[in-house]
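So you can see what is in the structure, the chains are spelled out below.
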Amino acid sequence: MTIIEPFKIKAVEPLTFTTREQRERLLEQAHHNVFLLRAEDVLIDLLTDSGTTAMSARQWAGIMDGDEAYAGSRSYYKFEKVLKNLTGLEHVIPTHQGRAAEKILFSLVGGPGKSIPNNTHFDTTRANIEYSGAEAVDLLNAVGKQPEVRADFKGNMDVDALVAFIEDRGVENIPLVMLTVTNNSGGGQPVSMQNIKDVRAVCDRFGLPLFLDACRFAENAMFIKMREPGYANKSVREIAQEMFSYADGATMSAKKDGMSNTGGFLAMNDDDLAGRARTVLIVTEGFPTYGGLARRDLEALAIGLEEVLDENYLTYRLRTIEYFGDRLLEAGVPILEPTGGHAVYLDAKRFAPHIPPEHFPGQAITCALYLEGGIRGVEIGSLMFGSTDASGVFQAPPMELVRLAMPRRVYTQSHVDYCVENIVQVFNNRDKLTGYRIVEEAPYLRHFTAKLSRITARR
Ligand code: F0G
């Protein structure tokens, strides 16, 4: 039986169509970096699932009903209640988005000499840790780094590596352990409850706090329900509550599973750390009952954080991504398998094996998808994570991916079909893809603003 969109459409937004000639010019003007395109020049925007959600009629009604009081807003207390129920964490500190929570947390616990392990740090998390002077280390299990191998929980942390890491760096140099659910940079792959428990046990052994990067906690919980023995008959809410029960704190960009267009939070049990976090919050974000957000946004989040636990929605959500991936696989297009929760990831190493990592194969595909069909994805590979070491040698990350992230409740199945047709077209002409080189870059998060040029001569 076809799994249908579990909503009907009440408000629509027109798409703008461009010609290939126009797109050639627009991409040139954007220095071959799709972040520098104007969104109105994009037909299907799969750049991110962050803040791009279509809110529900109930959320829009909540926006109108928001209480804009500076201090003690009713909307804040509603937001706090929903999150305390979900996470069981004592202190809920709103922030304008996820990285603001990360910035506050790592300005307090990071700093030179400190190391923070994660299954895979998202790029802003890594940047905030490194900006504080600390070291960000990824300890993903081996299978998570093999895009062609299918496994249920490819987001799991390598628990033995975690133990070895703590012993090597010294427990006093590790302020906390993090787990990112789902593992965005590793393909939106879920972390099993067993792995969360195992990491918790290691944290207990060393007396370390565990923090979840909970951006996509509901998608992770749905995967646990579908795949992990013993969870099929539990509700996603119960599963999410259990996930959080093993954590001492969390950061979240609520622009994802908060089903809203902005917002985030930092939550924790430690009273002293929370007090210090609120002080930084007041200096940098705003008063603790709004944290840089309009109170109406807290209202929309309080509603969105409940809506995301609807299992009809989550079934449709995960099925959309799986359907997208299955159709690509049928056409022979290499993707990261199995599909994760929020995006399809093209495996650029197998898609364009003739382009070496230092010439950004993922970027070549990203540009080609825009030119072919006005589709915007994002490179997650050497452009995002590559670096040059002290001796000038290029260091590539383990995977070269192109992420096609699905905004929540925005596109229909025919939009997905259109994307598949265009990707297959680019794939069938893959020999014509050529690499890129960086002309200009920033010292942190270079992929957002880098200017590139196309390497015309084939190697
Ligand atoms: N952690 C994860 C796992 C994320 O995916 C993101 C954002 C953040 C933290 C930071 O949150 O953007 O609200 O400051 N991911 C977006 C993406 C940008 O496209 O995947 P933020």
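The residue numbers shown here count from 1 along each chain, following its written sequence. Owing to the predicted nature of the model, reporting of local features is limited to residues with pLDDT of at least 70; listing and counting of side-chain atom pairs is limited to 80 or more, with chain, interface and lining totals taken over all residues. Working from all heavy atoms in the structure, the side-chain values ignore hydrogens and water.

## Section: the nonpolar core
The nonpolar core is taken to be a set of buried Ala, Val, Leu, Ile, Met, Phe, Trp, Tyr and Cys residues, with the residues joined through side-chain atoms within 4.5 Å. The rule is simple: take the accessible area with a 1.4 Å probe, protein chains only, and divide by the maximum for that residue type; under 20% is buried, over 50% is exposed, in between is partly exposed. Formed by 61 residues in total, the largest nonpolar core has its most connected members in Phe79, Val199, Phe217 and Met243. Each helix is a run of DSSP H or I of at least 4 residues and each strand a run of E of at least 2, with the numbering of both proceeding from the N terminus. The biggest single contributor to this core is helix α8 (residues 217-227), with 6 residues. Each of domain 1 (20-49 + 311-454) and domain 2 (57-307) gives at least three residues to this core. Throughout the structure description, domain borders are defined by an automatic or database domain assignment.

## What to know about helix α10 (residues 271-284)
Under the convention used throughout, the expected extent of a helix is 1.5 Å for every residue step, that is, one less than its residue count. Along its 14 residues, α10 runs 20 Å from first to last C-alpha, staying within 8% of the 20 Å computed at 1.5 Å per residue. Two or three places before Asp272, at the start of α10, stands the capping residue Asp270, its side-chain oxygen 3.0 Å from that residue's backbone nitrogen. Note on α10: the residue one or two positions beyond its end, Gly286, has a positive phi of about 155°. Counted as a polar contact is a pair of N or O atoms within 3.5 Å, where, for protein atoms, one must be capable of donating a hydrogen and the other of accepting one, and residues adjacent in sequence contribute only when both atoms are in side chains.

## Digging into the domain arrangement of the protein
Interfaces are often described in size by the accessible area the parts lose on coming together. Along its sequence, the protein is carved into domain 1 (20-49 + 311-454) and domain 2 (57-307). Taken over C-alpha atoms, the centre of domain 1 sits 26 Å from the centre of domain 2. Taken together, the contact pairs 31 residues of domain 1 with 36 residues of domain 2. Computed with a 1.4 Å rolling probe, the buried area is the accessible surface lost when two parts are put together, summed over both parts. Taken over both partners, the interface formed by domain 1 and domain 2 buries close to 2,800 Å², and the fraction arising from carbon and sulfur atoms is 59%. Criterion for a salt bridge: a side-chain nitrogen of Lys or Arg within 4 Å of a carboxyl oxygen of Asp or Glu. The tally of links between domain 1 and domain 2 comes to 7 salt bridges. With its nearest N and O atoms 3.1 Å apart, the salt bridge here joins Arg409 to Glu307. Contact between two residues is taken to exist if any of their heavy atoms lie within 4.5 Å; hydrogens are not considered.

## Let's talk about the side chain of Asn156
Tracing the backbone through its elements, the reader meets Asn156 in the loop between β4 (135-138) and α6 (159-169). At a separation of 2.8 Å, a polar atom in the side chain of Asn156 contacts the main-chain amide nitrogen of Ser192. Apart from residues no more than four positions distant in its own chain, Asn156 is found in contact with Asn119, Leu140, Asn141, Pro190, Val191, Ser192 and Asn195.

## Here's the deal with the site of the ligand
Whether a residue is near a molecule or strand depends on its heavy atoms: it is near if one of them lies within 4 Å of it. Thr48, Arg99, Ser253, Lys256 and Arg403 are the nearest of the 17 residues found near the ligand. One nitrogen or oxygen atom from the side chain of Ser253 is found 2.6 Å from an oxygen atom belonging to the ligand. Using a 1.4 Å probe, the Shrake-Rupley method yields the accessible areas, and only the shown protein chains count as cover for residues. In the complex, 95% of the free accessible area of the ligand, which totals 470 Å², lies under the protein chains. Amino acid classes used here: Ala, Val, Leu, Ile, Met, Phe, Trp, Tyr, Cys and Pro are nonpolar; Asp, Glu, Lys and Arg are charged; the rest, including Gly, are polar. When grouped by side-chain class, the residues that make up the shell around the ligand number 2 nonpolar, 8 polar and 7 charged.

## So, the sheet that holds strand β11 (residues 378-380)
Following DSSP output, two strands are said to pair if at least two bridges run between them. An order of β9-β14-β11 is seen for the 3 strands of this open sheet, with the pairing classed as antiparallel. Edge positions in the sheet fall to β9 (343-347) and β11, since each has one partner strand and no second. For this sheet, the mean angle separating the axes of adjacent strands, direction not counted, is 35°. For β9 and strand β14 (residues 401-405), the ladder comprises 5 bridges, and the chain directions are antiparallel. Looking at the pairing, Asp347 lines up with Leu401 of β14. Whenever a helix is involved, its axis is fitted only over the stretch in contact; in every case the axis is a line through C-alpha atoms, and angles between N-to-C directions fall within 0 to 180 degrees. Packed on one face of the sheet, helix α12 (residues 311-330) meets β9 and β14 and runs near 25° to β9.

## Observations regarding unusual backbone geometry
Cis geometry is adopted by the peptide bond preceding Thr182, which originates at Val181 and carries an omega value of -20°. Counting through the fold element by element, Thr182 comes out in the loop between β5 (177-180) and α7 (193-206). The omega torsion across Glu337 and Pro338 is -10°, close enough to zero to call that bond cis. Its location among the elements puts Pro338 in the loop between α12 and β9. Of note, Met259 is a non-glycine position whose phi angle comes to about 55°, a positive value. In this structure, Met259 sits in the loop between β7 (249-253) and β8 (264-268). Residue classification places Met259 among the buried positions, given a relative accessible area of 0%. For Phe360, which is not a glycine, the phi torsion comes out positive at approximately 60°.

## Let's talk about the environment of Gly377
Tracing the backbone shows Gly377 in the loop between β10 (375-376) and β11. C-alpha separation for the pair Gly377 and Ile44, spaced 333 residues apart in sequence, amounts to 9.1 Å. Beyond its immediate stretch of four places on either side in the chain, Gly377 contacts Val34, Leu46, Leu47, Thr366, Arg403 and Leu404.

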